[in-house]
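Report on the structure
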Amino acid sequence: QEPLVESGGGLVRPGESLRLSCAASGRPATMAWFRQAPGKEREFVAAVNRNGDRPYFADTVRGRFTVSRDNAGNTLHLQMNNLIPEDTAVYYCAAAPPGSWGTRSESSFTSWGQGTQVTVSS
């Protein structure tokens, strides 16, 4: 397993932006963001391959969120624009082994961060 540490959560108003980061000690193959809203199951948000050039998104965030990795490949970012109250959730970083690109299933991800709270409210 790969230790993952998220940062960057907070309270913002609708329409504002927020950037989350996730630091890994290594360079995982696929890294992703999931989120869990109160009373709901955890859901896939976005993911990207090791090189950072093949991102994919949940329909609910496509066009508003972007996902990227730094040049070293060990930090994952989630840029969230035009936030809406429905984006309120605990956001989790996750990492998956080689051969996992394209998956949206929690069971494919073997390492998880502790989560960071994002609240969108006026």
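Residues numbered from 1 in each chain as written. Predicted model: local features only at pLDDT ≥ 70, side-chain atom pairs only at ≥ 80, totals over all residues. Heavy atoms only, no water.

Of note, Asp53 is situated in the loop between strand 5 (43-48) and strand 6 (55-57). Classification of Asp53 as exposed rests on a relative accessible area of 54%. Sequence separation between Asp53 and Trp101 is 48 residues, and the spatial gap between their C-alpha atoms is 12 Å. (Helix = DSSP H or I, 4+ residues; strand = E, 2+ residues; numbered from the N terminus. Buried < 20%, exposed > 50% of the residue type's maximum accessible area, 1.4 Å probe, protein only.)

Attention now moves to the layout of surface pockets. Roughly 190 Å³ of volume is contained in the largest pocket. Forming the walls of the largest pocket are Arg35, Gln36, Ala37, Pro38, Lys40, Glu41, Glu43, Pro85, Glu86, Asp87, Thr88 and Ala89. In the lining of the largest pocket, the residues fall into four nonpolar, two polar and six charged. (1 Å grid on protein atoms, 1.4 Å probe; cavity = no way out; pocket = protein on both sides within 12 Å on 5 of 7 lines; lining within 4 Å. Points joined across faces, edges and corners; volume = space filled by probe spheres on them. Nonpolar A, V, L, I, M, F, W, Y, C, P; charged D, E, K, R; others polar.)

Next up on the list: the sheet that holds strand 1 (residues 4-7). Across the sheet, four strands lie side by side as 1-3-8-7; this open sheet has antiparallel pairing. The sheet terminates laterally at strand 1 and strand 7 (65-69), the two strands that pair on one side only. When strand polarity is set aside, the average angle formed by the axes of neighbouring strands in this sheet is 15 degrees. In this structure, strand 3 (residues 18-24) lies alongside strand 8 (residues 75-80), joined through six bridges in antiparallel fashion. Of the residues in strand 8, the one forming a bridge with Ser21 is His77. (Pairing = 2+ DSSP bridges. Axes fitted to C-alpha atoms, helices over the stretch in contact; angles between N-to-C directions.)

Here we take up the packing of aromatic side chains. This model, assessed by the stated rule, comprises six aromatic pairs. Between Phe34 and Phe109, the ring centres sit 5.2 Å apart and the planes meet at 80 degrees, which makes this aromatic pair edge-to-face. One end of the pair, Phe34, is in strand 4 (residues 30-36); the other, Phe109, is in the loop between strand 9 (89-96) and strand 10 (111-112), and 75 residues separate them in sequence. Considering the side-chain rings of Phe44 and Tyr56, the 5.4 Å spacing of their centres and the 20 degrees angle between planes classify their relative orientation as stacked. Remark: Tyr56 occurs in strand 6 and Phe44 occurs in strand 5; sequence separation between them is twelve residues. On the accessibility criterion, Tyr56 (8% relative accessible area) is buried. Aromatic ring contacts, followed pair by pair, group Phe34, Phe44, Tyr56, Trp101, Phe109 and Trp112 into a single cluster. Its end group placed over the ring of Tyr92, Arg42 keeps NZ or CZ at 4.8 Å from the ring centre. (Phe/Tyr/Trp six-rings, centres within 6.5 Å; stacked < 30°, edge-to-face > 60°. Lys NZ or Arg CZ within 6 Å of the ring centre and 35° of its normal.)

Following the criterion strictly, the structure yields five salt bridges and no others. In this structure, Arg42 engages Glu106 in a salt bridge whose closest nitrogen and oxygen atoms are separated by 3.0 Å. With a gap of 64 residues between them, Arg42 in the loop between strand 4 and strand 5 and Glu106 in the loop between strand 9 and strand 10 connect regions that are remote in the sequence. What makes Glu106 partly exposed here is its relative accessible area of 30%. Look at the salt bridges and you will find they share partners, linking Arg35, Glu43, Arg64 and Asp87 into a network. (Salt bridge = Lys/Arg side-chain N within 4 Å of Asp/Glu carboxyl O.)

From the geometry alone we can't say anything about function, so treat these as descriptive.
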